[in-house]
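Residue strings, one per chain:
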Amino acid sequence: FHLYLDSADMAELQACLPHPVVHGVTTNPTLLRRAGIGRAGVPGLLRRCIELGARQVQAQVYSQDADGMLEDARALLAHFAPGQLVVKIPATRQGFAAGARLIEQGVPVTWTAVYAPEQAHFAAQLGAAYAAPYLGRLEDSGADGLGLIAQMQALVAQRPASGTRLLVASIRSREAYLSLLRIGVGAITIPPRLFSELLDHPATLAAESGFLADARDLPA
Ligand code: E4P
């Protein structure tokens, strides 16, 4: 299982990394914009995440056409060792064309903004590393997000040789995270704020306080 942190904010990433349960960091242009990071700052941000223990990092292309996407990908890939950077590409007609070329060259690809099970199946058929559906946004649109993701998981599981994992994004609550674990998805990306919520259970912290107080009172 691969857990990613979904952020481009170095301060919040640094507050969580390194952590043994975190596989990597995902970003996209919206997160970059929110964090005030320009295109030129992306390799530095993600290289820093690797120094902080991320095993893989993901950056998205900026263009809409396949040639532009390939150019964006090559510029990003130049800053990383093979396999460190996963290239995120929207699951569009042009995006599938560009991503397939990258996979032929041995580059790991995430097809992102996946909204339908057949898109996840295309990704697995082409040997994607990941296919990324957006749970929260599916639910915002009135769709049965978990039901659709369960269908995607079943389709991806039909092609174990592809090694493709669902990387579910747009997770807004602990309950959503847990439901995805029950479905058995291979990867989830969550905001650092939610990661902290999962890590710091109030009852565990309260129990620890009690143990610490009793430990202090124990005779040597
Ligand atoms: C995915 O790449 C997005 O960063 C993110 O998961 C979207 O989350 P939101 O729909 O809650 O904004």
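In this text, all values refer to a predicted model and were calculated from it rather than measured experimentally.

A. Fine view of the site of the ligand. Close to the ligand lie Asp6, Asn28, Leu31, Thr112, Tyr134, Gly136, Arg137, Ala169, Ser170 and Arg172, which account for all nearby residues. Grouping the constituent residues of the shell around the ligand by class yields three nonpolar, four polar and three charged.

B. Local environment of the packing of helix α4 (residues 66–77) against helix α5 (residues 93–104). Running from N to C, α4 and α5 point in directions that differ by 45 degrees, and their axes come no closer than 8 Å. It follows from the interaxial angle that α4 and α5 lie oblique. For the pair α4 and α5, the sense of crossing is right-handed. Along its contact with α4, which presents Ala66, Met69, Leu70 and Ala73, the element α5 presents Gln94, Gly95, Ala97, Ala98, Arg101 and Leu102. Split by residue class, the contact of α4 with α5 holds seven nonpolar, two polar and one charged.

C. Spatial organisation of the sheet that holds strand β5 (residues 109–114). The sheet built from eight strands closes into a barrel, its strands ordered β1-β2-β3-β4-β5-β6-β7-β8 with parallel pairing. Adjacent strand axes in the sheet meet at a mean angle of 25 degrees, parallel and antiparallel pairs treated alike. Both strand β1 (residues 2–6) and strand β2 (residues 24–26) contribute to a ladder of three bridges, which runs parallel. Bridging across to β2, Leu5 finds its partner in Val25.

D. Region of the structure containing the pairing of strand β8 (residues 187–190). What you see with β8 is no split at all: Ala187 and Thr189 on one side and Ile188 and Ile190 on the other are buried throughout. Inspection of the sheet shows β1 paired to β8 by four bridges, in the parallel sense. For His2, the partnering residue across the bridge sits in β8 and is Ala187. With two bridges joining them, strand β7 (residues 165–168) and β8 adopt parallel strand pairing.

E. Quick peek at the nonpolar core. By size, the foremost hydrophobic cluster in this structure holds 58 residues, and its most contacted members are Val87, Ala131, Leu166 and Val168. Element by element, the count of residues in this core is highest for α4, at five residues. Ignoring any residue separated from it by four or fewer positions in sequence, one finds Val87 in contact with Ala59, Val61, Ala73, Leu76, Leu102, Val107 and Val109.

F. Broad picture of the confidence of the model for the protein chain. On average, residues of the protein chain score 97 in pLDDT, and 100% of them reach the 70 mark or higher. Note on the complex model: pTM 0.95, ipTM 0.92.

G. Looking closely at the pairing of strand β6 (residues 130–133). Here β6 shows no split at all, with Tyr130 and Ala132 on one side and Ala131 and Pro133 on the other all buried. Pairing of β5 with β6 involves four bridges; the strand directions are parallel. Counterpart to Val114 in the pairing with β6 is Pro133.

H. The arrangement of unusual backbone geometry in detail. Pro18 follows Leu17 through a cis peptide bond whose omega is -5 degrees. Of note, Ala113 is a non-glycine position whose phi angle comes to about 55 degrees, a positive value. Note that Ala113 resides in strand β5. Backbone geometry at Ser170 places phi at a positive 60 degrees, although glycine is not the residue there. Among the secondary structure elements, Ser170 is positioned in the loop between β7 and α9 (174–183). Judged by the 20 C-beta atoms lying within 10 Å of it, Ser170 falls in the buried class.

I. How the structure looks around α5. With twelve residues, α5 should reach 16 Å at 1.5 Å per residue; the first-to-last C-alpha distance of 17 Å fits that figure. Contacts made by the buried residues of α5 are with α4, β4 (85–90), β5 and α6 (117–125). Immediately downstream of α5, the backbone of Gly106 shows phi near 85 degrees, a positive value.

Parameters at a glance
- Residues numbered from 1 in each chain as written.
- Predicted model: local features only at pLDDT ≥ 70, side-chain atom pairs only at ≥ 80, totals over all residues.
- Near = placed C-beta within 6 Å.
- Nonpolar A, V, L, I, M, F, W, Y, C, P; charged D, E, K, R; others polar.
- Axes fitted to C-alpha atoms, helices over the stretch in contact; angles between N-to-C directions.
- Helix = DSSP H or I, 4+ residues; strand = E, 2+ residues; numbered from the N terminus.
- Parallel < 35°, antiparallel > 145°, perpendicular 65-115°, else oblique.
- Left-handed = near helix turned anticlockwise from the far one by under 90°.
- Contact = placed C-beta atoms within 7 Å.
- Pairing = 2+ DSSP bridges.
- Buried ≥ 20, exposed ≤ 12 C-beta atoms within 10 Å, placed from the backbone.
- Core = buried A, V, L, I, M, F, W, Y, C linked by C-beta atoms within 7 Å.
- pLDDT = per-residue confidence, 0-100.
- Expected span 1.5 Å × (residues − 1).

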